[in-house]
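The residues making up each chain are set out below.
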Amino acid sequence: MSISKQQRQPESLRRPSAKEPIMPPIKRTQRRRGRSSYALVQSISSAMEALRANKLRSLLTSLGIIIGVAAVIMMVATSEGNAATINGRLSTLNPNQLNIRGGAAATGGVRQGAGTQQVLTQSDADDLASQVPGLAAVSPIVNVNGQVIYQNQNWSTSVQGVYPNYQQIGSWQLQEGNFFTSADEQSNASVAVLGQTVVDNLFTAQGIDPLGRQVRIGSSTFTVVGVLATKGANGATNADDVIYIPFSTAINRLGGSQRPLAITVLVSQGQNVTDVQANVQQFLQGRHDASEFTIQNQGQLLQTVQTAAQSLTILLISVAAISLLVGGIGIMNIMLVSVTERTREIGIRIALGAYPSDVMAQFLIEALILSALGGIVGIALGVLGAFVASQLTAQPLVIDPLAILLSFAFAAVVGIVFGFYPAQRAARMDPINALRTE
């Protein structure tokens, strides 16, 4: 039978015959869209039926995704909780503060810890304040540890002699009363400012307001002129377990060392802390050997701790992400098995007119549903696990919505990527060979 030239032409170029109705391009587009929507619905329906038929296998396949997503959320929550705890403990640190301490003393050839070599002097602190630009406040610190007694209560704490401007340097707020003044420093006044821990152990149990009360430190009596607001613990050190007295009083009345244990410096706002630190270093090197003192920059300490916390977070997330990749490999493995088991079904679908893209979409949807369901269950388990961990470790519960969103999105992408090869293999199957499969 001969074929006319018009019939041999592609459908898109062939002119319609008189007997054929002319279909507008818009209706053709709508028919294609309708057919695509119907095929998508059929692919979703077939995928859901296949997953329901193998519920246990589907659950085990999603297990890797579940563990991976839950691990990511728990790791991020734990890391954020640790960071919140660390930041809370370091909130008492002033990034503009420099702490100058003596070096390590050596006795009989044995070197002691840092700060044991007391070479700094009060004149070093006074001259720093007057000769080095960019400093807002300077105070020497001398420790006079002793037993503090009020009536029948006593408490062992750290008693520190400082200048009045130490309140500004340490960013101390007063709960009641006032810090001692420059007049108190000049007159060797027996006045004291108590930390909250000292107040709790000496006065709170008796329901007594400490302001104006007399406490005994060693053999000297001091009047309480102020109570500091709570700062809390900073690592192993409790910032509230302290008593501040005038520097001159600590030396002259409590027998404190004539050489301060340390000098603390507050850099003025707007000044470059690193540059000011270099100037302080140069000034002190003109008086002492470089090995006799050290300067600690609290801003650098804060930055170091925050960098370490960020690195830990990245490490934990990377470890958890590996679980997601392992889960993706599990999805690909099961999908390949599923393609092999359903070879005849695939051949029938293609023989009945299904396009390869329809078959591919069905298997991709199956992989996506597996990973999405695994992601949802993983999110629930991750949040639950983070809550339990926060209760056990007494750390704040910090759930990052971005971490949840990214872990779920990553799980979905893993399902699609690792489900692509099995889906492509099913779409390229020869229907004749597929129908021959038993």
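Report follows, based on the coordinates.

**What to know about the side chain of glutamine 196**
Part 1 of the argument: Among the secondary structure elements, glutamine 196 is positioned in helix H7 (residues 196-202).
Part 2 of the argument: The contact partners of glutamine 196, leaving out residues within four places of it in the chain, are Gln175, Val227, Leu228, Thr230 and Asp240.

**Thoughts on helix H9 (residues 273-285)**
Part 1 of the argument: Compared with the 18 Å implied by 1.5 Å per residue over 13 residues, the 18 Å span of H9 between its first and last C-alpha is a close match.
Part 2 of the argument: If you check which residues of H9 are buried, you get Val273, Val276, Gln277, Val280, Phe283 and Leu284. The arc that holds the buried residues of H9, viewed along the axis, is 125 degrees, so those residues lie on one side.
Part 3 of the argument: Of the surrounding elements, those touching the buried residues of H9 are strand E1 (97-102), helix H4 (122-131), strand E4 (135-143), strand E14 (262-267), strand E15 (293-297) and helix H10 (298-341).
Part 4 of the argument: For H9, the side-chain oxygen to backbone nitrogen distance between the N-cap and threonine 274 is 3.0 Å, and the N-cap itself is asparagine 272.

**A closer look at the pairing of E14**
Part 1 of the argument: Counted residue by residue, E14 has 6 buried out of 6 residues, so it is predominantly covered.
Part 2 of the argument: Note that E4 and E14 share 6 bridges and pair antiparallel. Bridge assignment links isoleucine 141 to a residue of E14, and that residue is alanine 262.

**Notes on the pairing of strand E5 (residues 146-150)**
Part 1 of the argument: Both E5 and strand E6 (residues 153-162) contribute to a ladder of 5 bridges, which runs antiparallel. Note on E6: the bridge partner recorded for isoleucine 149 is asparagine 154.
Part 2 of the argument: Counted along the chain from E5 to the antiparallel partner E6, the turn is 2 residues long, and its residue glutamine 151 has a positive phi close to 50 degrees.
Part 3 of the argument: Bridge count for E5 against strand E9 (residues 214-217) is 2 bridges, and the pairing is antiparallel. Residue pairing across strands places isoleucine 149 opposite arginine 216, the latter belonging to E9.

**Focus: the packing of H10 against helix H12 (residues 356-393)**
Part 1 of the argument: Orientation of H10 relative to H12, taken along the N-to-C sense of each, is 140 degrees, at an axis distance of 11 Å. It follows that H10 is oblique to H12 by the angle criterion. You can see that H10 and H12 cross each other, and the crossing is right-handed. Between H10, through Ile331, Met335, Ser338 and Val339, and H12, the contact on the second element is made entirely by Phe363, Glu366, Ala367, Leu370 and Ser371.
Part 2 of the argument: Here the residues of the contact of H10 with H12 sort into 6 nonpolar, 2 polar and 1 charged.

**Thoughts on unusual backbone geometry**
Part 1 of the argument: In this model, serine 171 sits at a positive phi of 55 degrees, which is unusual for a non-glycine residue.
Part 2 of the argument: Position of serine 171 relative to the elements: it lies in the loop between helix H5 (166-169) and strand E7 (174-177).
Part 3 of the argument: Positioned with a positive phi, asparagine 188 is a non-glycine residue whose angle comes to about 55 degrees.
Part 4 of the argument: If you trace the backbone, asparagine 188 turns up in the loop between helix H6 (182-186) and strand E8 (191-194).

Calculation criteria
Sequence positions are assigned chain by chain, starting from 1 and proceeding in written order. Restriction of local features to residues with pLDDT of at least 70 applies here, the model being predicted, together with a cutoff of 80 or more for giving and counting side-chain atom pairs; totals for whole chains, interfaces and linings are based on all residues. Note: side-chain values were computed over all heavy atoms of the structure, leaving out hydrogens and water. The way it works is that DSSP assigns letters per residue, a run of H or I at least four long becomes a helix, a run of E at least two long becomes a strand, and they are numbered from the N terminus. Note on contacts: a residue pair is in contact if any heavy atoms of the two residues lie within 4.5 Å. Each helix should span, by expectation, one fewer than its residue count multiplied by 1.5 Å. Under the scheme applied here, a residue whose accessible area is under 20% of the maximum for its type counts as buried, over 50% as exposed, and between as partly exposed, the area being computed with a 1.4 Å probe on protein chains only. For this quantity, the arc is that covered by the directions from the helix axis to the C-beta atoms. Any pair of nitrogen or oxygen atoms within 3.5 Å is treated as a polar contact; in protein, a donor-acceptor pairing is required on top of that, and neighbouring residues in sequence qualify only through side-chain atoms on both sides. Strands were regarded as paired on the criterion that DSSP finds at least two bridges between them. A fitted line through C-alpha atoms represents every axis, and for helices the fit uses only the stretch in contact; the resulting angles, taken between N-to-C directions, go from 0 to 180 degrees. Note on terminology: angles under 35 degrees are roughly parallel, angles over 145 are roughly antiparallel, angles of 65 to 115 are roughly perpendicular, and the others are oblique. Working rule for handedness: look at the near helix, and if it is turned counterclockwise from the far one by less than a right angle, call the crossing left-handed; if clockwise, right-handed. Throughout this entry, Asp, Glu, Lys and Arg are counted as charged residues, while Ala, Val, Leu, Ile, Met, Phe, Trp, Tyr, Cys and Pro are counted as nonpolar. The remaining residues, Gly among them, count as polar.

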